[in-house]
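# Structure assessment
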2 protein chains.
Amino acid sequence: MSPKVTPGLAQMQPPATLQEALHVAGRRLTPQRALILSVLHQVDGHLDAEGIHSLAQHHYPGLNLATVYRTLAVLKEMGLVEQRYFARDHKREYYEAVGKREHYHATCLGCGKVIEVETPRIRQAQRELSENSGFVFVHACVCFEGYCAECAQARSQDAGEGEAGADGA
Amino acid sequence: MSPKVTPGLAQMQPPATLQEALHVAGRRLTPQRALILSVLHQVDGHLDAEGIHSLAQHHYPGLNLATVYRTLAVLKEMGLVEQRYFARDHKREYYEAVGKREHYHATCLGCGKVIEVETPRIRQAQRELSENSGFVFVHACVCFEGYCAECAQARSQDAGEGEAGADGA
DNA sequence: ATGCTTGCAAACGCTTTGCAGTATG
DNA sequence: CATACTGCAAAGCGTTTGCAAGCAT
């Protein structure tokens, strides 16, 4: 690793915990790993590998996309990061640091915004299904699609005005 | 189209409805399209493009995978077919003819089996969330992962015997 | 000093697309 | 007969991997 790391990177994340967690897993703490995790913690939003990569590059220009992917795999395996999918198009993987309350995501088909939603119904569904089928649930991938309040309103107005087919499917 | 079509293909699907539906959409009925839809109806299971392709090739050896993809896109757009994802690994798209009752899927991490589950909780969640957020839900992608009754039992037995780490996590 | 990590670039797997010939309505 | 559709092959896209050099411990 030759490119200079911006000062301040060192204190960005590692509360010594990461160091330790990695060590237990037989892995090493590197500036890249610390940085990537810190980016995920700072931007509490939802980033894909490329988003993480470009944000992280502000601090660490030499960072390679492959390293981002590999680091995400490690952090995921260690349970520090979760991988999610948004919207119907699941081509792209998104990542999110763990620690927040259980939540799911809803993507607005109008503005693309992703909002987080909380509901106990998914768990409830799993509990109920488990009871009468014996299936043991480990994970649920849930992503909602629709229109946020604003876009929904805008659309209903458009529909009223144009009347010719402003609506798209 | 030169390869011979197996006799019987003609009657396989087109209840004249497909023909009509396609026509309305400004499209044409081709043996490929009829076949692909019929495959999806016959195998009520869950197929990816390649699965559809190889099944369909029994009847139509010349069928090209690209045609399968294009046809699926058309049928999806016409609302005759739904595209789904299974398990956490969403690399691959699966397709399913519409018409069945609303259901979701649970993939067994042990044997790979995909079972269909019905639950009103997803709808309920959407209804509730919609009420207090104004979000208008259009679609929900839900896929469960876990262990089917059999695999779950097998795993718990293994865990009891080995005791050294038969569990994989 | 040991070997886990990184950067680079090539490979991968699934899906999409450009093009010229073909068949449908 | 116009043109939507197909087969073929190549491109696309996000993600993964082999390899040699480079760090962390």
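Residues numbered from 1 in each chain as written. Chains lettered and ligands numbered in written order. Predicted model: local features only at pLDDT ≥ 70, side-chain atom pairs only at ≥ 80, totals over all residues. Heavy atoms only, no water.

## Some thoughts on the overall build of chain A
When you go through chain A residue by residue, the secondary structure sums to six helices and six strands. When the elements of chain A are put in sequence order from the N terminus, they spell out α-α-β-α-α-β-β-β-β-α-β-α. Taking all 169 residues of chain A together, the buried fraction comes to 40%. In chain A, the share of contacts with a sequence separation of at least 24, taken over all contacts with a separation of at least 6, comes to 50%. (Helix = DSSP H or I, 4+ residues; strand = E, 2+ residues; numbered from the N terminus. Buried < 20%, exposed > 50% of the residue type's maximum accessible area, 1.4 Å probe, protein only. Contact = heavy atoms within 4.5 Å.)

## A few points about the sheet that holds strand β2 (residues 81-84) of chain A
Residue and element names in this part refer to chain A. Read from one edge of the open sheet, three strands run β1-β3-β2, paired in antiparallel fashion. Lying at the two open borders of the sheet, with one neighbouring strand each, are β1 (47-48) and β2. Two strands pair when backbone bridges link them, and β1 and strand β3 (residues 94-97) are joined in this way by two bridges, in the antiparallel orientation. Residue L47 lies in a different strand from β3, and its bridge partner there is Y95. On the sheet, helix α2 (residues 31-42) packs against β1, β2 and β3 and is oriented at approximately 85 degrees with respect to β3. (Pairing = 2+ DSSP bridges. Axes fitted to C-alpha atoms, helices over the stretch in contact; angles between N-to-C directions.)

## Here's the deal with the environment of Y85 of chain A
One can find Y85 of chain A in the loop between β2 and β3. The sequence separation of Y85 of chain A and H105 of chain A amounts to 20 residues, and the corresponding C-alpha distance is 8.7 Å. Those residues within four positions of Y85 of chain A in sequence are excluded, and the remaining contacts are H90, R92, E93, C141 and C143 of chain A together with R88, D89, H90 and K91 of chain B. Separated by 3.4 Å, the side chain of Y85 of chain A and the backbone nitrogen of H90 of chain B make a polar contact. (Polar contact = N/O pair within 3.5 Å; in protein donor to acceptor, adjacent residues only side chain to side chain.)

## Re the interface of chain A and chain B
Opposite the 39 residues of chain A that make contact, chain B presents 40 residues. Between chain A and chain B, roughly 3,100 Å² of surface is buried when both sides are summed, and carbon and sulfur atoms account for 64% of that area. The tally of links from chain A across to chain B stands at four salt bridges. For R121 of chain B, the salt bridge goes to E128 of chain A, with nearest N and O atoms at 2.7 Å. (Buried area = accessible area lost by both parts, 1.4 Å probe. Salt bridge = Lys/Arg side-chain N within 4 Å of Asp/Glu carboxyl O.)

## Remarks on the relation of the copies chain A and chain B
Overlaying chain A with chain B gives an RMSD of 0.1 Å, the required rotation being 180 degrees about an axis along which the chain moves by 0.0 Å. Taken together, the rotation and translation relating the two chain copies correspond to the operation of a two-fold axis. Scanning chain A for the C-alpha nearest the rotation axis identifies V142 of chain A, at a separation of 2.2 Å. When the interface residues of chain A are mapped onto chain B, 100% of them again fall at the interface, so both copies present the same face. (Least-squares fit on C-alpha atoms with pLDDT ≥ 70 in both.)

## Comments concerning the nonpolar core
In this structure, I122, V142 and F144 of chain A together with I122, V142 and F144 of chain B are the most contacted members of the largest nonpolar core, which totals 30 residues. Secondary structure elements with two or more residues in this core: β4 (104-108), α5 (121-133), β6 (136-147) and α6 (149-162) of chain A together with β4 (104-108), α5 (121-133), β6 (136-147) and α6 (149-162) of chain B. The contacts of V142 of chain A, once residues within four sequence positions are left out, are Y104, H105 and I122 of chain A together with C141 and V142 of chain B. (Core = buried A, V, L, I, M, F, W, Y, C linked by side-chain atoms within 4.5 Å.)

## Some words on the environment of A140 of chain A
Following the sequence through the fold, A140 of chain A ends up in strand β6. Sequence-wise, A140 of chain A and L47 of chain A are 93 residues apart; in three dimensions their C-alpha atoms are separated by 20 Å. Other than its neighbours up to four places away in sequence, A140 of chain A contacts I122 and Q126 of chain A together with C143 and F144 of chain B.

## Focus on the pattern of salt bridges
All names here are of chain A. On inspection of all chains with the given rule, the structure shows 20 salt bridges over all chains. Close ionic contact of R101 with E118 constitutes a salt bridge, the shortest N to O distance being 2.8 Å. Remark: E118 occurs in the loop between β5 (114-117) and α5 and R101 occurs in the loop between β3 and β4; sequence separation between them is 17 residues. For R101, a relative accessible area of 62% translates into the label exposed.

## Observations regarding the packing of helix α2 (residues 31-42) of chain B against helix α4 (residues 65-77) of chain B
The description of two helices packed together rests on the angle between their axes and the distance between the axes. Residue and element names in this part refer to chain B. With their axes 10 Å apart at the nearest point, α2 and α4 run at an angle of 75 degrees to one another. In terms of orientation, α2 and α4 fall into the roughly perpendicular class. Taking contact as the criterion, the partners of Q32, R33, I36, L37 and L40 in α2 are, on α4, T67, V68, T71, L72, V74 and L75. Here the residues of the contact of α2 with α4 sort into seven nonpolar, three polar and one charged. (Parallel < 35°, antiparallel > 145°, perpendicular 65-115°, else oblique. Nonpolar A, V, L, I, M, F, W, Y, C, P; charged D, E, K, R; others polar.)

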